[in-house]
Amino acid sequence: MKNILIARCDVNANIGMGHIRRLSNICEKLKKEFNIIFILNKKNNYSKNLNKFKKIYLYENNENFSNTNEINKLKKIFLKYKPELFIVDDYRFNISIEKKIRNYCKLIVIDDLANRKHKCDLLIDFGWYRNKTYKRYNKLINKDAKLLLGPKYFPLDDKFKIKEKKVINTKKNFLIYFGGGNFPKNTILFINKLF
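Cut-off values and rules
- Residues numbered from 1 in each chain as written.
- Predicted model: local features only at pLDDT ≥ 70, side-chain atom pairs only at ≥ 80, totals over all residues.
- Heavy atoms only, no water.
- Salt bridge = Lys/Arg side-chain N within 4 Å of Asp/Glu carboxyl O.
- Helix = DSSP H or I, 4+ residues; strand = E, 2+ residues; numbered from the N terminus.
- Buried < 20%, exposed > 50% of the residue type's maximum accessible area, 1.4 Å probe, protein only.
- Core = buried A, V, L, I, M, F, W, Y, C linked by side-chain atoms within 4.5 Å.
- Contact = heavy atoms within 4.5 Å.
- Phe/Tyr/Trp six-rings, centres within 6.5 Å; stacked < 30°, edge-to-face > 60°.
- Lys NZ or Arg CZ within 6 Å of the ring centre and 35° of its normal.
- Patch = residues over 30% accessible without salt bridge, like charges linked within 9 Å, V, L, I, M, F, W, Y side chains within 5 Å.
- Areas by Shrake-Rupley, 256 points an atom, 1.4 Å probe, with all protein chains shown as cover.
- Polar contact = N/O pair within 3.5 Å; in protein donor to acceptor, adjacent residues only side chain to side chain.

Summed over the entire model, instances satisfying the criterion amount to 10 salt bridges. With a shortest N-O distance of 2.9 Å, Arg-102 and Asp-121 are connected by a salt bridge. With Arg-102 in the loop between helix H3 (95–101) and strand E5 (106–110) and Asp-121 in the loop between E5 and strand E6 (122–125), this residue pair connects regions lying 19 residues apart in the sequence. Using a relative accessible area of 25% as the deciding quantity, one classes Asp-121 as partly exposed. Across the salt bridge formed by Arg-102 and Asp-144, the nearest N and O atoms sit 3.8 Å from each other. Of this pair, Arg-102 sits in the loop between H3 and E5 while Asp-144 sits in the loop between E6 and strand E7 (146–149), placing them 42 residues apart in sequence. Using a relative accessible area of 24% as the deciding quantity, one classes Arg-102 as partly exposed. Asp-144 gets classed as exposed once you look at its relative accessible area, which sits at 54%. The network of salt bridges with shared partners includes Arg-22, Asp-89 and Asp-112.

Here you go:
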């Protein structure tokens, strides 16, 4: 088995459920090739049972994220585990943190904002922005980085994959996804209008 893949994001009652879900789906597909460790901010009710991967919590209750703090804490983890890959799905990361990480391992960045520069080996954006989809990062990323852009790269959970059926069915099934937020009133209104 190859060296460790480390996945970094944050989750709590207000943020991160969509990020942790897509990152978990990616890691599920890679777990046969890598030992996987998730790095999260702080232990909380949401982070404990997110997935079955090993978890490291970076910050104590009285500590908060800062570039310097993050780099110092990650450096210790990199020296201990010597990861081959680091995947980050966290809007707080910027180019200065990414440059430091690349001193230790290859860096994969998941982004969907296209509002800041990146220094990475691979950038993934699953969104569809029509004719802008393939141009959004032109001036935001290093030239040697590879890009995976568009919904065809979305790490869909295996339970949602369509299985081939031999029986012809006139009913059609479809999935409606409103993102990581919990908006039950909006969801119910949409479904009622749809019907």
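Having seen it, we continue.
This part takes up the nonpolar core. Counting 27 residues, the largest nonpolar core has Ile-6, Leu-74, Phe-86 and Ile-101 as its most contacted members. If you list the elements that add at least two residues to this core, you get strand E1 (2–8), strand E2 (34–40), helix H2 (67–81), strand E4 (85–88), H3 and E5. Per-element tally for this core: the top contributor is H2, with 4 residues. Each residue touching Leu-74, except ones within four places of it in the same chain, is listed here: Ile-39, Leu-58, Phe-86, Phe-93 and Ile-101. Within the second largest apolar cluster, 19 residues are counted, among which are Ile-20, Leu-23, Phe-53 and Ile-87.

For any pair of aromatic rings, the description consists of the separation of the ring centres together with the inter-plane angle of the planes. In the structure shown here, the tally under the stated rule is 7 aromatic pairs. A centroid spacing of 5.3 Å and a plane angle of 80° characterise the contact between Phe-126 and Phe-154, whose relative ring orientation is edge-to-face. Here Phe-126, found in the loop between E6 and E7, pairs with Phe-154, found in the loop between E7 and helix H4 (184–194); they are 28 residues apart in sequence, far enough to count as distant. Cluster of aromatic residues (ring-pair linked, three or more members): Phe-65, Phe-78, Phe-86, Phe-93 and Tyr-104. Across from the ring centre of Tyr-129, 3.5 Å away, lies the NZ or CZ of Arg-136, which sits over that ring.

With that settled, consider unusual backbone geometry. Its identity as a non-glycine residue notwithstanding, Lys-82 has a phi of 50°, on the positive side. Of note, Lys-82 is situated in the loop between H2 and E4. The backbone phi angle of Arg-130 is positive, close to 50°, even though this residue is not glycine. Mapped onto the elements, Arg-130 comes out in the loop between E6 and E7.

On the surface, a nonpolar cluster with roughly 580 Å² of combined accessible area is contributed by Phe-174, Phe-190, Ile-191, Leu-194 and Phe-195. Following the sequence through the fold, Leu-194 ends up in helix H4. By relative accessible area, which is 43% here, Leu-194 ends up partly exposed.

A word on the side chain of Thr-133. Looking at the element boundaries, Thr-133 is found in the loop between E6 and E7. Of the residues examined, Thr-133 reaches a relative accessible area of 2% and is grouped as buried. There is a polar contact of 2.7 Å between the side chain of Thr-133 and the backbone nitrogen of Tyr-129. Among the polar contacts made by the side chain of Thr-133, one reaches the main-chain carbonyl oxygen of Arg-130 at a distance of 2.9 Å. Beyond its immediate sequence surroundings of up to four residues, Thr-133 is in contact with Gly-127, Trp-128, Leu-149 and Gly-150.

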